[in-house]
Amino acid sequence: MSTITVKAYGAESTTADLIEMNIERRETTPKDIEIEILYCGVCHSDLHTARNDWGGSMYPVVPGHEIVGRITNVGSEVSKFKVGDLAAVGCMVDSCGTCDSCKKDLEQYCLNGFTGTYNGKDKHLGGHTFGGYSEKVVVDESFVLRVPENLDLAAVAPLLCAGITTWSPLRHWNVGPGSKVAVVGLGGLGHMAIKLAKGLGAEVTLFSRTPGKTDDAKQLGADDVVISTDDDHMNSVKGKFDVIIDTVPYVHDVNPYVATLNISGTLVLVGYLGGLEPILNTVPMIMGRRSVAASLIGGIAETQEMLDFCGEHNIVSEIEIIKMQEINEAYERMLKSDVRYRFVIDMKSLS
């Protein structure tokens, strides 16, 4: 298969900084779309994969799965897009397309495993896929998304991961007018959960360990802030919430939050991978038909639904734009939670 060479930024090993490098992209096949990348969001998953924190990283790693750009070429069989259109690519660039999950527009749960935008198996060129820290990307049109023209393109980028990660559980658990939703953690995921839940018409509360984020939370749309370290404050909201979106990315005690669920309420974990500590107490779950669940991203149709909703309601992420050459510093700042609330790379800086 013919290829093109493009500039990218990636890591050669678990301990190496990200540096400029050249990678190969396939030339467009009949069903492919070539996108010039204008902006790429920076996700915690990028950092974890670059440093092999989860195991299984394939080097060189070129991260980036929050991609926004403009179409520069389309294959002969492409029908949904044309050259010049704005387009986006999220966390997936392929799936089997034939399993029960894929047939239900749940490609993120493909029973044969979806192909990640980076660090996935590249069925076209062999080896592994490279992400959006690069000049261009070539993707099957089935995994390309339309971007509303009225939105700030840079601030759209994090919607492709942080946005859909919080939108999918809000939709699955039927959040709408009259729903009472709480969000645990005010970071990249948490701030989007607040915006989207409020946009859907819910009454939204932030759980925070300290009062310092109260003003920010309310500016983002939260109706209330509950200090989770204050027992009296927590007791005052026992049995209140229909859905809790827990965005905390590290092991933490979820038991105090379960107690604040309404009858048949659900706490959804979207930020943490791993075992729960301390152990989950099932008593309040059994006594109130309460659930602890988890959710990944959304499928392509659901992601497009989210983008369209954001276009209608003018919802985007709160971002700080950086140059590609600042990515290593940005990673260190992410580890210190020193960002409000997502970094986005201006890819012109790579040219």
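Figured I'd write up the structure that's included with this text. Just so you know, these numbers come straight off a predicted model, no measurement behind them.

1. Here's the deal with the sheet that holds strand S15 (residues 291-294)
Phase 1 of the analysis: Within the open sheet, the six strands sit side by side as S12-S11-S10-S13-S14-S15. Their pairing is parallel. With one partner strand each, in any of the chains shown, strand S12 (224-227) and S15 form the two edges of the open sheet. Adjacent strand axes in the sheet meet at a mean angle of 25° when their direction is disregarded.
Phase 2 of the analysis: Note that strand S10 (residues 180-184) and strand S13 (residues 241-246) share four bridges and pair parallel. Residue pairing across strands places Val 184 opposite Asp 246, the latter belonging to S13.

2. Here's the deal with the packing of aromatic side chains
Phase 1 of the analysis: As enumerated under the stated definition, the model contains three aromatic pairs in all.
Phase 2 of the analysis: Arranged with centres 4.7 Å apart and planes meeting at 45°, the rings of Trp 167 and Phe 309 form a pair that is tilted. Of the two residues, Trp 167 is situated in helix H4 (residues 162-172) and Phe 309 in helix H10 (residues 300-313); the sequence distance between them amounts to 142 residues.
Phase 3 of the analysis: Its relative accessible area of 1% is what places Trp 167 among the buried residues.
Phase 4 of the analysis: Of the residues examined, Phe 309 reaches a relative accessible area of 12% and is grouped as buried.

3. Observations regarding the nonpolar core
Phase 1 of the analysis: Counting 95 residues, the largest nonpolar core has Tyr 133, Val 156, Ile 194, Ile 327 and Tyr 331 as its most contacted members.
Phase 2 of the analysis: Excluding its chain neighbours within four sequence positions, the residues that come into contact with Ile 194 are Val 183, Leu 186, Val 204, Leu 206, Ala 217, Leu 220, Gly 221 and Ala 222.
Phase 3 of the analysis: Grouped together as the second largest cluster of nonpolar side chains are 16 residues, Phe 207, Val 226, Val 237 and Val 248 included.

4. Looking at empty space enclosed by the protein
Gaps left between atoms show up when a probe the size of a water molecule is rolled over them.
Phase 1 of the analysis: Under the counting rule described, the total for this entry stands at one cavity of 30 Å³ or more.
Phase 2 of the analysis: Here the largest cavity is characterised by a volume of approximately 60 Å³.
Phase 3 of the analysis: Together, Gly 90, Cys 91, Met 92, Leu 145, Leu 160, Ile 164, Ile 297, Gly 298, Ile 300 and Thr 303 line the largest cavity.
Phase 4 of the analysis: When its residues are assigned to classes, the lining of the largest cavity shows seven nonpolar, three polar and no charged.

5. A few points about a nonpolar patch on the surface
Phase 1 of the analysis: Among the surface-exposed residues, Leu 106, Tyr 109, Phe 114 and Leu 296 lie close enough to one another that they form a single nonpolar patch of about 300 Å² accessible area.
Phase 2 of the analysis: In this structure, Tyr 109 sits in the loop between helix H2 (100-103) and strand S7 (115-116).
Phase 3 of the analysis: The class for Tyr 109 is partly exposed, based on a relative accessible area of 35%.

6. Some remarks on the environment of Trp 167
Phase 1 of the analysis: Taking the C-alpha atoms as reference, Trp 167 lies 18 Å from Ser 101; in sequence the two are 66 residues apart.
Phase 2 of the analysis: Ignoring sequence-local partners within four residues, the contact set of Trp 167 consists of Leu 196, Leu 200, Glu 302, Glu 305, Met 306 and Phe 309.

7. Some remarks on unusual backbone geometry
Phase 1 of the analysis: A cis amide bond links Tyr 59 with the next residue in sequence, Pro 60, at an omega value of 0°.
Phase 2 of the analysis: Note that the residue after Arg 340, namely Tyr 341, is joined by a cis bond; omega there is -10°.
Phase 3 of the analysis: Tracing the chain through its elements places Tyr 341 in the loop between helix H11 (327-335) and strand S17 (342-346).
Phase 4 of the analysis: The backbone of Ser 264 shows a phi angle near 70°, a positive value even though the residue is not glycine.
Phase 5 of the analysis: For Ser 264, the position within the fold is in strand S14 (residues 261-269).
Phase 6 of the analysis: Here Ser 264 falls in the partly exposed class, since its relative accessible area comes to 34%.
Phase 7 of the analysis: Unusually for a residue other than glycine, Ser 337 sits at a positive phi of about 55°.

Rules used in this analysis
Residues numbered from 1 in each chain as written. Predicted model: local features only at pLDDT ≥ 70, side-chain atom pairs only at ≥ 80, totals over all residues. Heavy atoms only, no water. Pairing = 2+ DSSP bridges. Helix = DSSP H or I, 4+ residues; strand = E, 2+ residues; numbered from the N terminus. Axes fitted to C-alpha atoms, helices over the stretch in contact; angles between N-to-C directions. Phe/Tyr/Trp six-rings, centres within 6.5 Å; stacked < 30°, edge-to-face > 60°. Buried < 20%, exposed > 50% of the residue type's maximum accessible area, 1.4 Å probe, protein only. Core = buried A, V, L, I, M, F, W, Y, C linked by side-chain atoms within 4.5 Å. Contact = heavy atoms within 4.5 Å. 1 Å grid on protein atoms, 1.4 Å probe; cavity = no way out; pocket = protein on both sides within 12 Å on 5 of 7 lines; lining within 4 Å. Points joined across faces, edges and corners; volume = space filled by probe spheres on them. Nonpolar A, V, L, I, M, F, W, Y, C, P; charged D, E, K, R; others polar. Patch = residues over 30% accessible without salt bridge, like charges linked within 9 Å, V, L, I, M, F, W, Y side chains within 5 Å. Areas by Shrake-Rupley, 256 points an atom, 1.4 Å probe, with all protein chains shown as cover. Salt bridge = Lys/Arg side-chain N within 4 Å of Asp/Glu carboxyl O.

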